[in-house]
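# Chain and residue survey
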Amino acid sequence: MRSLVAVLALNGGNSVERKEICSWIWREGESPVSADGALYTCVSRLRNLLNRSMGGGGELMIDTTPGGYSLTVDRSDVDALRFESSLRRARADQRLGRMGSALHGFEEALGFWSGPALANISPTDPVLAESVSLNEARFGAELDLIGVSLRMGRGLEVLDRVSGLVVKNPFVESVSYLYMTALSQCGRRSEAISHYREVYRSMRAELGSVPSIELQNLHTALLQGRAASDGLDISFGEPAQLRPW
C-alpha cells in the first residue's frame, strides 16, 4: 500500500495506468498471476484504510479511472511536488537575476526534505529511478543555493554546508568549485589552492584525468590573487530535469 500511495501521490491527482502501478508494487517477474486482481484488492484495502483515517469524511479518496486509478490529493500536500514547484520558481528568479528571491526559493524547496526520497518504499525499478531523480534534484538545489549565496558574498554562511558536500562528493567538480570559492570569500585562499591540488592529485590517481577548465581557471584566479567570485560560473551541466507539469 505504501508503493500504491507513493505512485498516486507523485502524480498529483492525475490518473495512473494499472500497468505502471503494478511495476511500482512488484518487481519484474514477481507479480502475481492475476496482477489486476491483486491490485484491485490492494486498492480496496487502501480505500478502507483512508476512509477510517478520515473518519468517513472521504477528503482523501482513490478514484477509478479508465485504465487506472487516481488519488484526490492536493498537490500542495505532497512534499515532493511542493519541492519541485519551489525549485522551478527559484531557478526562474535566478535566471532573472533576482538573487534574494532565488535564495529564499531554494531554502523553501530544501525545507520540504526530511531524508532520502522514498526510503520506506519497496525498491522496484520505477521506485529506484524516481528516488534517484528526486535525490539528484535535491543535490542540484543544494548547489544552486550555495551558488546564489556566493554570488551575494555570503561565503561564510554556506562554508559548512559546502564542506559537507565535498566530503560526500570528492570527485564532483562543481562542489569543489563552490568550496574553493567559499574558502576564498572567507579569507582562506591558501586552503582553496591546497584543495585544488588535492583534487588534481586524486583525479589523476583515481580517474586518470585532470580537473575541468572551469576549476583550472578558478585555481589560476586564486593564484593571481583575484576574487574567486568574479564571474562565478557553476554551470557544470544541466540541472536535474523536473516533471513537465
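Every value quoted in this text rests on a predicted model; they were computed, and no experiment measured them.

What counts as what
- Residues numbered from 1 in each chain as written.
- Predicted model: local features only at pLDDT ≥ 70, side-chain atom pairs only at ≥ 80, totals over all residues.
- Heavy atoms only, no water.
- Helix = DSSP H or I, 4+ residues; strand = E, 2+ residues; numbered from the N terminus.
- Buried < 20%, exposed > 50% of the residue type's maximum accessible area, 1.4 Å probe, protein only.
- Contact = heavy atoms within 4.5 Å.
- Areas by Shrake-Rupley, 256 points an atom, 1.4 Å probe, with all protein chains shown as cover.
- Salt bridge = Lys/Arg side-chain N within 4 Å of Asp/Glu carboxyl O.
- 1 Å grid on protein atoms, 1.4 Å probe; cavity = no way out; pocket = protein on both sides within 12 Å on 5 of 7 lines; lining within 4 Å.
- Points joined across faces, edges and corners; volume = space filled by probe spheres on them.
- Nonpolar A, V, L, I, M, F, W, Y, C, P; charged D, E, K, R; others polar.
- Axes fitted to C-alpha atoms, helices over the stretch in contact; angles between N-to-C directions.
- Parallel < 35°, antiparallel > 145°, perpendicular 65-115°, else oblique.
- Left-handed = near helix turned anticlockwise from the far one by under 90°.
- Core = buried A, V, L, I, M, F, W, Y, C linked by side-chain atoms within 4.5 Å.
- Phe/Tyr/Trp six-rings, centres within 6.5 Å; stacked < 30°, edge-to-face > 60°.

Broken down by element type, the chain carries ten helices and three strands. Reading the helices (α) and strands (β) of the chain from amino to carboxyl end gives α-β-α-α-β-β-α-α-α-α-α-α-α. Counting only residues that meet the buried cut, the chain has 41% of its 245 residues in that class. A separation of at least 24 residues holds for 61% of the contacts in the chain among residues at least 6 apart in sequence. When the accessible surface of the chain is totalled, it reaches about 13100 Å², and 49% of it is carbon and sulfur.

By the definition in use, this model includes eight salt bridges. Arg27 is the partner of Glu30 in a salt bridge, and the nearest nitrogen-oxygen pair spans 3.8 Å.

What follows covers the layout of surface pockets. Here the largest pocket defines a volume of roughly 710 Å³. What lines the largest pocket is a set of 28 residues, and nearest its centre among them are Ala6, Val78, Asp79, Ala80 and Leu118. Elements supplying a minimum of two residues to the lining of the largest pocket: α1 (2–10), α3 (35–53) and α4 (79–95). A breakdown of the residues in the lining of the largest pocket according to their chemical character gives 22 nonpolar, three polar and three charged.

Packing of helix α8 (residues 173–185) against helix α9 (residues 189–206) brings their axes to within 7 Å, and their N-to-C directions diverge by 160°. The angle between α8 and α9 falls in the class roughly antiparallel. In the crossing of α8 with α9, the sense of the turn from one axis to the other is right-handed. Taking contact as the criterion, the partners of Glu173, Ser176, Tyr179, Met180, Leu183 and Ser184 in α8 are, on α9, Arg189, Glu191, Ala192, His195, Tyr196, Val199 and Met203. In terms of residue class, the contact of α8 with α9 is built from seven nonpolar, three polar and three charged.

Counting 65 residues, the largest nonpolar core has Leu4, Leu8, Ile21 and Ile62 as its most contacted members. Examining the composition of this core, we find that nine residues originate from one element, helix α6 (residues 125–151), more than from any other.

Relative to each other, α4 and α6 sit at 35°, their axes nearing to 11 Å. The two elements α4 and α6 cross, and the hand of that crossing is left-handed. On α6, the residues that touch Ala80, Phe83, Glu84, Leu87, Arg91 and Gln94 of α4 are Leu134, Ala137, Arg138, Gly140, Ala141, Asp144, Val148 and Arg151. Of the residues that constitute the contact of α4 with α6, the class distribution is seven nonpolar, two polar and five charged.

Where burial is concerned, most of α1 is hidden: seven out of the nine residues are buried. Within α1, burial applies to Ser3, Leu4, Ala6, Val7, Leu8, Ala9 and Leu10. A positive phi of about 55° marks Gly12, the residue just after α1.

The next thing to look at is the packing of aromatic side chains. Taken as a whole and assessed by the stated rule, the structure comprises two aromatic pairs. When the centroid spacing of 6.4 Å and the interplanar angle of 35° are considered together, the rings of Tyr196 and Tyr200 count as tilted. With a gap of four residues between them, Tyr196 and Tyr200 both fall in helix α9, about one helical turn apart.

This paragraph deals with the environment of Val175. With respect to the element layout, Val175 can be found in helix α8. You can call Val175 buried: its relative accessible area is 0%. Between the C-alpha atom of Val175 and that of Leu165, which follows or precedes it by ten residues, the distance is 6.8 Å. Once you skip the residues sitting within four places of it in the chain, Val175 turns out to touch Phe139, Leu143, Val162, Leu165, Val166 and Asn169.

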